[in-house]
Amino acid sequence: MERKRNHMKTAEDLKKMLRQIDHKGYKAYKELKGTYRLGTYILCIDSVQGDPFATPSRVRLLVNNKGNFDETLFDKKWRKTAAEDEILRNVHRFLKKQRGKGGHAGSGKSGQVFVCKVGQEVMERTAVLLSKEQIEVRLEVGFPAYGRTIAAGELEKILFQMFPALVKEVFTYQNTDKAHMKCAVELSDDQQFLREELKKNDLAAFVADGSILPRESGISDLPLKNAVKCKSPDSLNVSFTLPHHGTITGLGIKNGVTVIAGGGYHGKSTLLKAIQNGVYNHILGDGREFVITDASAVKLRADAGRC
């Protein structure tokens, strides 16, 4: 480990290399592959694209986390997943603001920075990894070019302006929305509690009263505005007292056979889809935060007329 640190290049080394390859053929970017210490974080250029139109280059930022993010935010597996998910969403917000400023001129994906996509679900990913020692984020960067000629000055702006701003805004705990992070982690506590309660109460799924199950459209997973909120029948109503949310009531679906009946457009498919997606936790404000299904559940579907 000490030998590796001694061979780590510096910010000045990287700037010098950028000046040397500027205006050369695109493949000269390959010389940048390596690890660099850039002030408060480490930059790892792991893979360099061979063409401005090819899959973007892969880079990692390693940020020291000692004395940074509160360890209670990720001291349990589900909390760690929630905290990493929240940080990843903050990366998306940051990059969206950067795209709004423009400046991505050039060939192919020049100057564009990408990170793993996120939806309404909270799940384990490798885009952001949080530990006591460090925070690691994995990005894709379109190394800039005009035609197939290196535009090193544009890449320098990304590496020495955008990335330091990203580290300061997203990976410095004091600069993040700590209240929102706390809510996301506490929600994961409540969701985990419900998952454990399903097993104790012989339930296959739970759909909280007040849940918003319909989605905005067939191509959007956002909650439908002004939708009718879910309300369980008295015969199937159960209640739980969550660690943070307090008492919650809703539809408890027992293990065994449950038949959902009703006319067209009465919500049967909407309810079933919410239940099948309940194997995943959902973000605050999704409407399905407390739609929880046994994690081992799978959906089986038969064509019309077939058993």
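Residue indices follow the written sequence of each chain, beginning from 1 at its first position. Totals for whole chains, interfaces and linings use all residues, but because this is a predicted model, local features are given only for residues with pLDDT of at least 70 and pairs of side-chain atoms are given and counted only at 80 or more. Hydrogens and waters are ignored; side-chain quantities use all the structure's heavy atoms.

Caption draft 1: Inspection of the pattern of salt bridges at higher detail. By definition, a salt bridge exists where a carboxyl oxygen of Asp or Glu is found within 4 Å of a side-chain nitrogen of Lys or Arg. If you walk through the whole model with that rule in mind, you get 18 salt bridges. In this structure, Lys 77 engages Glu 124 in a salt bridge whose closest nitrogen and oxygen atoms are separated by 3.8 Å. Of the two residues, Lys 77 sits in helix H3 (residues 77-100) while Glu 124 sits in the loop between strand E6 (121-122) and strand E7 (128-130), which places them 47 residues apart along the sequence. Classification of residues uses two cut-offs on accessible area relative to the type maximum, computed with a 1.4 Å probe and protein chains only: under 20% is buried, over 50% is exposed, and between them is partly exposed. Of the residues examined, Lys 77 reaches a relative accessible area of 59% and is grouped as exposed. The exposure class assigned to Glu 124 is exposed, which follows from its relative accessible area of 56%. The partner of Arg 306 in a salt bridge is Asp 303, and the shortest N-O contact between them spans 3.5 Å. Starting at the N terminus, helices and strands are each numbered in turn, a helix being any DSSP run of H or I of at least four residues and a strand any DSSP run of E of at least two.

Caption draft 2: Quick look at the packing of aromatic side chains. Pairs were defined over the aromatic rings of Phe, Tyr and Trp, the Trp ring being its six-membered one, requiring ring centres within 6.5 Å. Orientation was assigned from the angle between planes: stacked under 30 degrees, edge-to-face over 60, tilted for the rest. One pass over the full model with this rule turns up 4 aromatic pairs. Geometrically, the ring pair formed by Phe 69 and Tyr 173 is tilted, given 5.0 Å between the ring centres and 45° between the ring planes. With Phe 69 in the loop between strand E4 (57-64) and H3 and Tyr 173 in the loop between helix H4 (152-170) and helix H5 (178-200), this residue pair connects regions lying 104 residues apart in the sequence. Each member of the pair, Phe 69 as well as Tyr 173, is classed as buried. Seen from their ring centres, Phe 206 and Phe 240 are 5.3 Å apart, and the 80° between their planes marks the pair as edge-to-face. Here Phe 240 lies in strand E14 (residues 237-242) and Phe 206 lies in strand E11 (residues 203-208), a separation of 34 residues in the sequence. Assessed through its relative accessible area of 0%, Phe 206 is described here as buried. By way of ring pairs, the aromatic residues Tyr 26, Tyr 29 and Phe 143 are connected into one cluster.

Caption draft 3: Representation of the pairing of strand E3 (residues 41-47). Here E3 lies mainly inside the structure; 5 of its 7 residues are buried. Pairing of strand E2 (residues 34-38) with E3, which is carried by 5 bridges, proceeds in the antiparallel orientation. Looking at E3, one finds that Arg 37 is bridged to Ile 42. Between any two strands, pairing holds if DSSP finds at least two bridges. Linkage of E2 to E3, two consecutive antiparallel strands, is achieved through a turn of 2 residues, within which Gly 39 is found at a positive phi near 70°. With 6 bridges connecting them, E3 and E4 associate as antiparallel partners. By the bridge assignment, Ile 42 is partnered in E4 with Leu 62.

Caption draft 4: Local environment of the packing of helix H2 (residues 11-21) against H4. Axis lines are fitted to C-alpha atoms, over the contacting stretch for helices. Their N-to-C directions set the angle, which ranges from 0 to 180 degrees. Taken N-terminus to C-terminus, the directions of H2 and H4 make an angle of 160°; their axes are 10 Å apart at the nearest point. Judged by the inter-axis angle, H2 sits roughly antiparallel to H4. Pair H2 / H4 crosses with right-handed handedness. For the pair H2 and H4, the contacting residues are Ala 11, Leu 14, Lys 15 and Leu 18 in the first and Ala 152, Leu 155, Glu 156, Leu 159 and Phe 160 in the second. To sort the angles, those under 35 degrees are grouped as roughly parallel, those over 145 as roughly antiparallel, those from 65 to 115 as roughly perpendicular, and the leftovers as oblique. The sense of a crossing depends on the near helix, which, turned anticlockwise from the far helix by less than a right angle, makes the crossing left-handed and, turned clockwise, makes it right-handed. By definition in these notes, contact holds between two residues if any of their heavy atoms fall within 4.5 Å.

Caption draft 5: Expanded view of the environment of Met 8. With respect to the helices and strands, Met 8 occurs in the loop between helix H1 (2-6) and strand E1 (9-10). Given a relative accessible area of 16%, Met 8 falls into the buried group. Remark: the alpha-carbon pair of Met 8 and Thr 172, spanning 164 residues in sequence, is separated by 23 Å. Sequence-distant contacts of Met 8, defined by excluding residues within four places in its chain, comprise Thr 35, Tyr 36, Arg 37 and Ile 42.

Caption draft 6: Molecular detail of H4. To estimate how far a helix should extend, the number of its residues minus one is multiplied by 1.5 Å. Taking 1.5 Å per residue as the helical rise, H4 with its 19 residues ought to reach 27 Å, and the 26 Å between its terminal C-alpha atoms agrees with that figure. What the bend at a residue measures is the angle between two axes, fitted to the seven residues ending there and to the seven starting there. Its axis deflected by about 30° at Met 162, H4 carries its strongest bend there, up to four residues before the proline Pro 164. The set of residues buried in H4 consists of Ala 152, Leu 155, Ile 158, Leu 159, Met 162, Phe 163, Leu 166, Val 167 and Val 170.

Caption draft 7: Inspection of the pairing of E14 at higher detail. Where E14 lies against strand E15 (residues 246-254), 6 bridges are found, and the strand directions are antiparallel. Bridging across to E15, Leu 242 finds its partner in Gly 246. With antiparallel pairing between neighbouring strands as the criterion, E14 and E15 make up a hairpin whose turn holds 3 residues.

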